[in-house]
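Spelled out from the first residue to the last, the chains are:
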Amino acid sequence: AQSVTQLDSQVPVFEEAPVELRCNYSSSVSVYLFWYVQYPNQGLQLLLKYLSGSTLVKGINGFEAEFNKSQTSFHLRKPSVHISDTAEYFCAVSYTGGFKTIFGAGTRLFVKA
Amino acid sequence: EAQVTQNPRYLITVTGKKLTVTCSQNMNHEYMSWYRQDPGLGLRQIYYSMNVEVTDKGDVPEGYKVSRKEKRNFPLILESPSPNQTSLYFCASSPLTSGGASSYNEQFFGPGTRLTVL
């Protein structure tokens with residue numbers, strides 16, 4: 001069965017420090033990869049997505065992610081976080097020609113002053 | 001403003017009392033979907049719809065019904081709610097490609113409906 005694993009349920013970090021949120025997926029076929037962010041009491045919104053081409057994808061709010069096909073990973077990074085980045089982050093995968101998106105369990109990012 | 005709306009935002013009900021959560025989008029999207037979000041489990045898909053009168057089961061469809069009579073609306077129906085359906089529910093929509101797939105398109109999410117079944 002297809003799955004998405006977010007390796008950290010919670011990540012505390014100090015303001016202005018770098019952060020990496022890890023995501024691995026299980027697949028032997030072509031995939032599309034997404035990171036969504038959920039701020040408190042809100043719905044999800046897209047941070048970035050990988051469809052094809054360059055393996056380094058840049059998104060909104062200074063986030064970027066790198067697709068690694070051999071390791072089936074799609075880790076999210078930001079070089080310097082802000083208090084306002086405190087949120088829950090979801091990695092998601094969908095499959096070519098399909099209609100389903102599978103989400104990971106989420107990673108709560110806490111940015112401390 | 002392009003958006004997905006859900007109503008109600010909060011609902012407390014009792015076991016067995018039928019309820020409907022409405023979802024509406026104003027972006028003319030063909031694809032709509034319902035998810036439930038539970039701690040430690042992320043989002044799990046309940047049902048999805050590729051267009052009017054076309055729906056299919058997601059990963060956790062038991063205890064839920066949906067209908068798609070109009071393109072903009074995709075209500076979620078719980079005929080006989082039970083406490084294990086206490087959850088945070090999200091509706092989402094996205095466009096379909098000319099080839100009929102939706103898998104590489106961004107999904108637009110509603111604000112969520114927090115349901116408690118006593």
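Residues numbered from 1 in each chain as written. Chains lettered and ligands numbered in written order. Predicted model: local features only at pLDDT ≥ 70, side-chain atom pairs only at ≥ 80, totals over all residues. Heavy atoms only, no water.

Moving on, we come to the state of the cysteines. Scanning the entire structure with this criterion turns up 2 disulfides over all chains. With its sulfur 1.9 Å from that of its partner, C23(A) forms a disulfide with C91(A). Across the S-S bond of C23(A) and C91(A) the torsion is about -65 degrees, and the bridge reads as left-handed. Here the residue C23(A) occupies a position in strand β4 (residues 23–26), and C91(A) occupies one in strand β10 (residues 87–95), the gap between them amounting to 68 residues. Its relative accessible area of 0% is what places C91(A) among the buried residues. In this model, C23(B) is linked to C91(B) through a disulfide, with the two sulfur atoms separated by 1.9 Å. Looking along the S-S bond of the C23(B)-C91(B) disulfide, the torsion reads about -70 degrees, which is the left-handed sense. (Disulfide = S-S within 2.5 Å. Helix = DSSP H or I, 4+ residues; strand = E, 2+ residues; numbered from the N terminus. Buried < 20%, exposed > 50% of the residue type's maximum accessible area, 1.4 Å probe, protein only.)

All names here are of chain A. A full pass over the atoms with the stated rule returns 12 aromatic pairs over all chains. A ring pair is formed by Y50 and F67, whose centres lie 4.3 Å apart and whose planes are at 25 degrees; its orientation type is stacked. Pair noted here: Y50 is in strand β6 (residues 44–50) and F67 is in strand β8 (residues 64–68), with a separation of 17 residues, a long-range link. Note on accessibility: Y50 and F67 belong to one class, buried. Across the ring face of F14, the terminal group of K112 is positioned such that the distance to the ring centre comes to 4.6 Å. (Phe/Tyr/Trp six-rings, centres within 6.5 Å; stacked < 30°, edge-to-face > 60°. Lys NZ or Arg CZ within 6 Å of the ring centre and 35° of its normal.)

Residue and element names in this part refer to chain B. Reading across from one edge, β1-β3-β8-β7 is the order of the 4 strands in this open sheet, with antiparallel pairing throughout. Edge positions in the open sheet fall to β1 (4–7) and β7 (65–66), since each of these has one partner strand only. One ladder, built from 3 bridges, connects strand β3 (residues 19–25) with strand β8 (residues 76–78); its direction is antiparallel. In the sheet register, V21 faces β8, and the bridge partner there is L76. (Pairing = 2+ DSSP bridges.)

What follows is about a nonpolar patch on the surface. Residues and elements named next belong to chain B. There is a patch of nonpolar side chains on the surface, built from I12, V14 and L118 and spanning about 320 Å² of accessible area. Within the secondary structure layout, I12 lies in strand β2 (residues 10–13). I12 gets classed as exposed once you look at its relative accessible area, which sits at 64%. (Patch = residues over 30% accessible without salt bridge, like charges linked within 9 Å, V, L, I, M, F, W, Y side chains within 5 Å. Areas by Shrake-Rupley, 256 points an atom, 1.4 Å probe, with all protein chains shown as cover. Salt bridge = Lys/Arg side-chain N within 4 Å of Asp/Glu carboxyl O.)

With that settled, the discussion passes to the nonpolar core. In this structure, L33(A), W35(A), L47(A), L48(A), F74(A), L76(A) and Y89(A) are the most contacted members of the largest nonpolar core, which totals 30 residues. Here L33(A) is in contact with Y25(A), L48(A), K49(A), Y50(A), F67(A), F74(A), A92(A) and V93(A), once residues within four sequence places are set aside. V4(B), V66(B), F74(B) and L115(B) belong to the second-largest nonpolar core, a separate cluster that totals 19 residues. (Core = buried A, V, L, I, M, F, W, Y, C linked by side-chain atoms within 4.5 Å. Contact = heavy atoms within 4.5 Å.)

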